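Below, each chain spelled out in residue letters.
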Amino acid sequence: MANRLTQAQPYALGLFRIVVGLLFACHGAASLFGVLGGAMGGGTVPAGTWPGWYAAVIQLVAGALVLAGLGTRTAAFIASGSMAYAYFKVHQPEALFPLQNNGEGAALFCWAFLLLVFTGPGALALDRLFGARGAETGERKGERADRREDQHAAVAA
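Note that the structure is predicted; figures quoted are calculated from it, not measured.

Caption draft 1: Representation of a nonpolar patch on the surface in the model. A cluster of nonpolar side chains, contributed by Val 61, Leu 65, Leu 70, Leu 129 and Phe 130, occupies part of the molecular surface with about 460 Å² of accessible area. By the secondary structure assignment, Leu 129 is in helix H6 (residues 126–129). Here Leu 129 falls in the exposed class, since its relative accessible area comes to 63%.

Encoded structure:
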């Protein structure tokens, strides 16, 4: 059972990335275009206003990139930082805990995106379809090096 779960891990991570990216992009689309109920119960955020409009642009763009699995680590890093800012500047001054200050969404998005920074996109990502570059290529080389070390250890034993 554990082996099957381990084999499914990249797909579970990919689905997690897709759902989190979609939800985040929807927040940006609601704030910028007034769809899905609009910003804060209706309407849009006025263009260029700080920090709402900039946050909405980050939400839409970073959410779409994470959803697609394109530049996932970079987009997730920016999204995580924007949610940390939102939590500490908007929610935390109201009360200490997220349950008291309505900051659960910001806190969860912040930690979910930070997780994606470290795990990468998982399966079903456009980065993998187009051929990974940079950090993704380094991961594959590291995985091959780990397998070689395991093989050498097995031979030595």
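After presenting the structure, the write-up continues.
Caption draft 2: Main features of the packing of aromatic side chains. Applying the stated criterion across every chain yields a total of seven aromatic pairs. Taken together, the ring pairs in this structure connect Trp 50, Trp 53, Tyr 54 and Tyr 85 into an aromatic cluster.

Caption draft 3: Main features of the confidence of the model for the protein chain. Residues of the protein chain with pLDDT of at least 70 account for 83%, and the chain-wide mean is 85. Here residues 134–139 is modelled with pLDDT under 50, and outside its nearest four sequence neighbours on either side it reaches six contacts, counting other chains as well.

Caption draft 4: Highlighting unusual backbone geometry. Put simply, Trp 50 and Pro 51 share a cis peptide bond, and its omega is -10°. With respect to the helices and strands, the residue Pro 51 is situated in the loop between helix H1 (2–33) and helix H2 (52–68). Located in the positive-phi region is Asn 102, a residue other than glycine, with phi close to 60°. Take Asn 102: it is sitting in the loop between helix H4 (98–101) and helix H5 (104–119). Positive phi outside glycine occurs at Leu 124, with the angle close to 65°. Within the fold, Leu 124 resides in the loop between H5 and H6. By relative accessible area, which is 53% here, Leu 124 ends up exposed.

Caption draft 5: Representation of helix H3 (residues 72–91). Over its 20 residues, H3 extends 26 Å from the first C-alpha to the last, a length consistent with the 28 Å expected when each residue adds 1.5 Å. Every buried residue belonging to H3 is among Thr 72, Arg 73, Ala 75, Ala 76, Ala 79, Ser 80, Ser 82, Met 83, Ala 86, Tyr 87 and His 91, and all of these are buried.

Cut-offs and rules
Residues numbered from 1 in each chain as written. Predicted model: local features only at pLDDT ≥ 70, side-chain atom pairs only at ≥ 80, totals over all residues. Heavy atoms only, no water. Patch = residues over 30% accessible without salt bridge, like charges linked within 9 Å, V, L, I, M, F, W, Y side chains within 5 Å. Areas by Shrake-Rupley, 256 points an atom, 1.4 Å probe, with all protein chains shown as cover. Salt bridge = Lys/Arg side-chain N within 4 Å of Asp/Glu carboxyl O. Helix = DSSP H or I, 4+ residues; strand = E, 2+ residues; numbered from the N terminus. Buried < 20%, exposed > 50% of the residue type's maximum accessible area, 1.4 Å probe, protein only. Phe/Tyr/Trp six-rings, centres within 6.5 Å; stacked < 30°, edge-to-face > 60°. pLDDT = per-residue confidence, 0-100. Contact = heavy atoms within 4.5 Å. Expected span 1.5 Å × (residues − 1).

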